[in-house]
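# Commentary on secondary and tertiary structure
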Amino acid sequence: MTKIKICGLFREVDIDAVNESVPDFIGFVYAKSRRQVTVGQSRQLRRRLDPSITPVGVFVDDTVEQIATLHEAGIISLAQLHGQEDEAFVRALKKRCPIQVIKAIRVQDPSDILAWESSAADYLLLDNGPGGTGQSFDWQLIPAVGKPYFLAGGVGEHNIDAALALDPWCIDISSGAETAGVKDKDKIRRLVGRVRSHDPDSGRIQQADRMSNRDIP
């Protein structure tokens, strides 16, 4: 069953909204962004969060110690690396603390994804670039991926069914769950509901058809 992550929460009302809909994951963005949170803000928001929802910290070229400190404080359970972090960094972080790692990849070619298949990262996140832009990449570029992946970049109500048809491990939504630049409780509810009601067998059939059609000259 595909999971769902709502990323970029920075207000108490955002936490209240996800507590009602209960996605699998939420994201706190520590990188420079209009959705950026401080350590203190994220600590308070984490205390308000439903304990059944897993918090993810989103980082861009932070240090191993900065990430580990947030994990050890119980603020985040996973680290999403959205910068130039290499395989050595991933391994150093996992050696420093028992944290699961999501490595974000800018997808311009299938080889961008395949190059990380043997990574120590627990998950990949496929995106069009820096994240939070609301723009999709060409999903036709996604090869058969052995490592579980988050599908990100421009996913919203207009294309959630097409995203689910790819059968990703998790769908990551930020701007697609917003209205006028802030999280929209009703959109979050509808998006989570759509993912929860998805028939995974239907998605796999559609993906197989898509792959087959791609081979037709």
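Values in this document were obtained by computation on a predicted structure and should not be read as measured data.

### Some words on the pattern of salt bridges
What the rule picks out here adds up to 16 salt bridges. Here R48 makes a salt bridge to E12, at a shortest N to O gap of 3.3 Å. Of this pair, R48 sits in helix α2 (residues 39-48) while E12 sits in helix α1 (residues 12-21), and the two are 36 residues apart along the sequence. Given the relative accessible area of 38%, R48 is considered partly exposed. According to the relative accessible area criterion, E12 is partly exposed, its value standing at 47%. We note a salt bridge from E178 to R34, for which the minimum N-O separation is 2.9 Å. Here R34 lies in the loop between β2 (25-29) and α2 and E178 lies in strand β9 (residues 178-179), a separation of 144 residues in the sequence. One connected set of salt bridges, linked through shared partners, spans R34, R35, E178 and K183.

### Section: the environment of L141
You can see L141 is positioned in the loop between β6 (123-127) and β7 (149-151). Each C-alpha atom of the pair L141 and P110 lies 5.4 Å from the other, and the pair is 31 residues apart in sequence. Excluding anything up to four places from it in sequence, L141 contacts V107, Q108, D109, P110 and I113.

### Re the sheet that holds strand β1 (residues 3-7)
Sheet architecture is closed into a barrel: eight strands sit in the order β1-β2-β3-β4-β5-β6-β7-β8, paired in parallel fashion. Pairwise comparison of adjacent strand axes, ignoring direction, gives a mean angle of 25 degrees for this sheet. Sheet topology note: the strand β5 (residues 100-106)/β6 ladder contains five bridges and is parallel. For I105, the partnering residue across the bridge sits in β6 and is L126.

### Thoughts on the confidence of the model for the protein
With 89% of its residues at a pLDDT of 70 or more, the protein shows a mean pLDDT of 91. Low confidence marks residues 203-217, where pLDDT is under 50. Its contacts with residues over four positions away, or in another chain, come to 13 contacts.

### Some points on the packing of aromatic side chains
Overall, the coordinates contain six aromatic pairs when judged by the stated rule. Ring centres of F25 and F150 lie 5.6 Å apart, and the angle between their planes is 55 degrees; on these two criteria the pair is classed as tilted. With a gap of 125 residues between them, F25 in strand β2 and F150 in strand β7 connect regions that are remote in the sequence. Ring centres of F150 and W169 lie 5.6 Å apart, and the angle between their planes is 55 degrees; on these two criteria the pair is classed as tilted.

About the criteria used
Residues numbered from 1 in each chain as written. Predicted model: local features only at pLDDT ≥ 70, side-chain atom pairs only at ≥ 80, totals over all residues. Heavy atoms only, no water. Salt bridge = Lys/Arg side-chain N within 4 Å of Asp/Glu carboxyl O. Helix = DSSP H or I, 4+ residues; strand = E, 2+ residues; numbered from the N terminus. Buried < 20%, exposed > 50% of the residue type's maximum accessible area, 1.4 Å probe, protein only. Contact = heavy atoms within 4.5 Å. Pairing = 2+ DSSP bridges. Axes fitted to C-alpha atoms, helices over the stretch in contact; angles between N-to-C directions. pLDDT = per-residue confidence, 0-100. Phe/Tyr/Trp six-rings, centres within 6.5 Å; stacked < 30°, edge-to-face > 60°.

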